[in-house]
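Spelled out, the chains give:
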Amino acid sequence: SSPSRELDYRLAALTRFAREAPVDCLILGNSLVAFGLDPQALAEGYGGPGGGRPRCFNAALGGLAASDAAALAPVLVADHQPRLLIYGMT
């Protein structure tokens with residue numbers, strides 16, 4: 001459990017998502033990234049026709065500062081080993 005309920009919720013959702021299949025890409029950023037970047041649309045555009053689509057998860061959090069993302073990213077990468085980490089800024 002962390003001091004942030006939103007972080008706890010996102011981490012639990014990521015764990016459920018990762019149980020189905022490996023996570024290919026993770027998205028980090030603030031609330032505008034959380035609500036403005038659709039991981040399925042990104043996967044469709046990135047995979048292209050005929051190619052395998054990556055499984056993307058949007059782990060962006062409201063109020064996430066760049067320094068907080070820099071601390072969180074290595075933990076998420078170590079746990080899920082995505083091929084791609086996207087940091088969105090607004």
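The structure this text deals with has already been given above.
Residues numbered from 1 in each chain as written. Predicted model: local features only at pLDDT ≥ 70, side-chain atom pairs only at ≥ 80, totals over all residues. Heavy atoms only, no water.

Draft legend 1. The side chain of R55, seen in detail. Position of R55 among the secondary structure elements: in the loop between α3 (39-47) and β2 (56-58). Residue R55 is classed as buried on the basis of its relative accessible area, which comes to 19%. At 3.2 Å, the side chain of R55 and the backbone oxygen of F17 are in polar contact. Only 2.6 Å separates the side chain of R55 from the backbone oxygen of A21, close enough to count as a polar contact. The contacts of R55, once residues within four sequence positions are left out, are F17, E20, A21, P22, V23, D24 and C25. (Helix = DSSP H or I, 4+ residues; strand = E, 2+ residues; numbered from the N terminus. Buried < 20%, exposed > 50% of the residue type's maximum accessible area, 1.4 Å probe, protein only. Polar contact = N/O pair within 3.5 Å; in protein donor to acceptor, adjacent residues only side chain to side chain. Contact = heavy atoms within 4.5 Å.)

Draft legend 2. View of the nonpolar core. Ranked by size, the top nonpolar core spans 15 residues in total, and within it L14, L26, L28, F57, L72 and L76 carry the most contacts. Looking at this core, the elements that each hand over two or more residues are α1 (5-20), β1 (25-28) and α4 (66-80). In contact with L76, not counting residues within four places along its chain, are L11, L14, L26, L28, A59, Q81 and P82. (Core = buried A, V, L, I, M, F, W, Y, C linked by side-chain atoms within 4.5 Å.)

Draft legend 3. Region of the structure containing the pattern of salt bridges. What the rule picks out here adds up to three salt bridges. Linking E20 and R55 is a salt bridge whose minimum nitrogen-to-oxygen distance equals 3.6 Å. Placement of E20 in helix α1 and of R55 in the loop between α3 and β2 is noted, with a sequence separation of 35 residues between them. Linking R53 and E44 is a salt bridge whose minimum nitrogen-to-oxygen distance equals 3.4 Å. Here R53 falls in the exposed class, since its relative accessible area comes to 52%. (Salt bridge = Lys/Arg side-chain N within 4 Å of Asp/Glu carboxyl O.)

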